[in-house]
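An overview of the molecular structure
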Amino acid sequence: MKDLFDKTKIMNLEVKNRFIRAATWDEMAEDNGHINDSVMERYEEIAKGGVGLILTGYAFISKDEQPNPKMFGIYDDSFIEEYKRLADKVHKYDSKIAMQIVYGGSQCDHMGASKMTIYGPSAVKNIVTGITPKFATKDDIIKKWTN
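These remarks concern the structure in this document. (Residues numbered from 1 in each chain as written. Predicted model: local features only at pLDDT ≥ 70, side-chain atom pairs only at ≥ 80, totals over all residues. Heavy atoms only, no water.)

Now for the nonpolar core. Formed by 20 residues in total, the largest nonpolar core has its most connected members in Ile35, Val39, Tyr43, Ile54, Phe72, Tyr83 and Leu86. Of all the elements in the fold, those that place two or more residues in this core are helix H1 (37-48), strand S5 (59-60) and helix H2 (80-91). The greatest single-element share of this core, amounting to four residues, is contributed by H1. Among all residues touching Val39, those that are not within four sequence positions of it are Met28, Ala29, Phe72 and Leu86. (Core = buried A, V, L, I, M, F, W, Y, C linked by side-chain atoms within 4.5 Å. Buried < 20%, exposed > 50% of the residue type's maximum accessible area, 1.4 Å probe, protein only. Helix = DSSP H or I, 4+ residues; strand = E, 2+ residues; numbered from the N terminus. Contact = heavy atoms within 4.5 Å.)

Here's what the structure looks like:
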């Protein structure tokens with residue numbers, strides 16, 4: 001029988017144990033989604049505590065569509081160096097790190113959302129926000145999220 005402290009593999013990712021820190025909304029990033037020293041310290045402490053895999057707080061992928069304040073961003077290359085520093089801090093303790101990414105779609109209930117084109121898997125009105133997304137075609141996705 002496997003033990004919580006046994007190494008394990010998730011596809012090609014070898015993890016030192018079976019402890020996984022769940023993805024959460026940390027509400028610690030800057031307003032534009034960039035991470036700061038407080039985020040670096042928190043994740044280093046989690047790794048230092050011995051967890052095998054850390055899933056980050058969710059990160060928004062579109063600069064104009066941030067579902068929650070102070071969440072991580074990953075919408076352009078300006079984030080690469082800071083996330084590399086974060087990964088290096090976590091790897092120092094033999095922990096792994098993976099980022100949860102998100103497009104909030106019709107769940108994105110913020111000022112201006114009603115004036116934006118919000119995409120979704122279907123054009124069904126969200127009963128919580130009242131937003132009806134535009135059905136996202138493959139071409140829409142390619143145009144919006146690739147360069």
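On to unusual backbone geometry. Unlike most non-glycine residues, Met11 shows phi in positive territory, near 55°. Relative to the helices and strands, Met11 is located in the loop between strand S1 (8-10) and strand S2 (13-15). Residues other than glycine seldom take positive phi values, yet Glu27 does so here, at roughly 55°. Structurally, Glu27 can be placed in the loop between strand S3 (20-21) and H1. Note on Glu27: relative accessible area 45%, which makes it partly exposed.

Limitation: the analysis is restricted to geometry and does not speak to function.
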